[in-house]
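Architecture and fold: a report
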Amino acid sequence: MQLDEFDRGIIAALQEDARMPVAQVAERVALSATPVSRRIKRLEDEGVIRGYAPVLDPRRLGFELEAYVLINLVAHVDENIARFEQAIADNPHVIACHAVTGDMDYLVRVIARNVEHLSQITLRTLLRIPGVRDVKSIIVLETIKEDRAVPVE
């Protein structure tokens, strides 16, 4: 999809504050509210804007620990992959999962209340998914940058 200067400005404004009123977005991009509303609707319909969600602080919700878990499967057969991906999708402590290149098959981002909770998630849940061969955890000590905004060029 081709984005013009107005689309990019609208996206930038909504990434800054998704609850920004249309009138304020319109003011920022130097258009009236009606064309801005139409453009936002088109960006949503085209899938550029996939949704709106609050940004939560996991620590304030009792999740003091974040970890990345590297996972290898025993074999890359459809049944193992489907079972693994379903178990990951069903696990509320897994907040992201990516199939990756390199020595491991998946990179999984997990939040936990503490180290004991991470151990339970890893040893009693992830490692017990049928088809999982190997699990390695990396605990986050400090987050230097975390931004959901996508560059709009």
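The model shown is predicted, which means the values in this text are computed figures rather than measured ones.

The next point concerns the overall build of the protein. The helix and strand tally for the protein stands at 5 helices and 4 strands. Secondary structure elements of the protein occur, N-terminal to C-terminal, as α-α-α-β-α-β-β-α-β. Its C-alpha radius of gyration of 20 Å places the protein more than 25% over the 15 Å reference for a compact globule of 153 residues. Principal axes of the C-alpha set define a box for the protein whose edges measure 55 × 35 × 25 Å.

The next subject is the pattern of salt bridges. Counted according to the given criterion, the structure contains 10 salt bridges. Of the charged contacts in the structure, one is a salt bridge between E66 and R109, with a shortest N-O distance of 2.5 Å. Pair noted here: E66 is in strand β1 (residues 65-73) and R109 is in strand β3 (residues 106-112), with a separation of 43 residues, a long-range link. R109 carries the same exposure label as E66, and that label is buried.

Looking now at the packing of helix α1 (residues 5-16) against helix α3 (residues 33-45). For any two helices packed against each other, the geometry is given by the interaxial angle and the distance between the axes. Where α1 contacts α3, the axes come no closer than 10 Å and their chain directions differ by 80°. When the axis of α1 is compared with that of α3, the two are roughly perpendicular. Residues F6, D7, I10, I11 and L14 of α1 form the contact with α3, whose own contacting residues are V36, R39, I40, R42 and L43. Here the contact of α1 with α3 is built from residues that sort into 7 nonpolar, no polar and 3 charged.

Enumeration according to the criterion identifies 1 aromatic pair in this entry. Ring centres of F84 and Y106 lie 4.4 Å apart, and the angle between their planes is 40°; on these two criteria the pair is classed as tilted. Of the two residues, F84 is situated in helix α4 (residues 78-90) and Y106 in strand β3; the sequence distance between them amounts to 22 residues. Here the two residues F84 and Y106 agree in accessibility, since each one is buried.

Attention now moves to the side chain of N72. With respect to the element layout, N72 can be found in strand β1. We classify N72 as buried; its relative accessible area is 6%. In terms of polar contacts, N72 uses its side chain to reach the backbone carbonyl oxygen of D103, at 3.1 Å.

A common way to express how large an interface is: the accessible area buried when the components associate. The assigned domain composition of the protein is domain 1 (5-46) and domain 2 (58-140). Distance from the C-alpha centre of domain 1 to the C-alpha centre of domain 2: 37 Å.

Before going further, it helps to examine the environment of H93. Mapped onto the secondary structure, H93 falls in the loop between α4 and β2 (94-99). Here H93 falls in the buried class, since its relative accessible area comes to 18%. It is 15 Å that separates the C-alpha atoms of H93 and R60, two residues lying 33 residues apart in sequence.

Turning our eyes to something else, we now look at the pairing of β1. Burial analysis of β1 places 8 of its 9 residues in the buried class, which makes it a mostly covered element. In the sheet, β1 pairs with β3 via 7 bridges, with the strands oriented antiparallel. Considered in β3, the bridge of L70 is made with L107. Sheet topology places β1 next to strand β4 (residues 132-139); 7 bridges connect them, and they run antiparallel. Looking across to β4, one finds that N72 is bridged to D134.

Criteria and thresholds
- Within each chain, residues carry numbers counting from 1 in the order of the written sequence.
- Reporting in this predicted model follows two pLDDT cut-offs: at least 70 for local features of residues, and 80 or more for side-chain atom pairs to be given and counted; totals over whole chains, interfaces and linings ignore these cut-offs and use all residues.
- Excluding hydrogens and water, the side-chain values take into account all heavy atoms of the structure.
- Strands here mean DSSP runs of E at least two residues long; helices mean DSSP runs of H or I at least four residues long; both are numbered from the N terminus.
- Radius of gyration: over C-alpha atoms. The globule rule applied is 2.2 Å multiplied by the number of residues raised to the 0.38 power.
- We define a salt bridge as a contact between a side-chain nitrogen of Lys or Arg and a carboxyl oxygen of Asp or Glu at a distance within 4 Å.
- Throughout, exposure labels follow a simple rule: accessible area from a 1.4 Å probe, protein chains only, divided by the maximum for the residue type, with under 20% read as buried, over 50% as exposed, and the rest as partly exposed.
- A fitted line through C-alpha atoms represents every axis, and for helices the fit uses only the stretch in contact; the resulting angles, taken between N-to-C directions, go from 0 to 180 degrees.
- Working definition: roughly parallel below 35 degrees, roughly antiparallel above 145 degrees, roughly perpendicular at 65 to 115 degrees, and oblique for all remaining angles.
- Contacts were defined at the residue level, with two residues in contact if any of their heavy atoms lie within 4.5 Å.
- Gly falls in the polar group here, along with every residue not listed as nonpolar (Ala, Val, Leu, Ile, Met, Phe, Trp, Tyr, Cys, Pro) or charged (Asp, Glu, Lys, Arg).
- Note on ring pairs: Phe, Tyr and Trp rings are taken, using the six-membered ring of Trp, and paired if centres are within 6.5 Å. Classes follow the plane angle, with under 30 degrees stacked, over 60 edge-to-face and the rest tilted.
- Here a polar contact is taken to be a pair of N or O atoms separated by no more than 3.5 Å, where protein atoms must pair a possible hydrogen donor with a possible acceptor and residues adjacent in sequence count only if both atoms sit in side chains.
- Domain limits in this description derive from either an automatic procedure or a database domain assignment.
- Pairing between strands requires that DSSP locate at least two bridges from one strand to the other.

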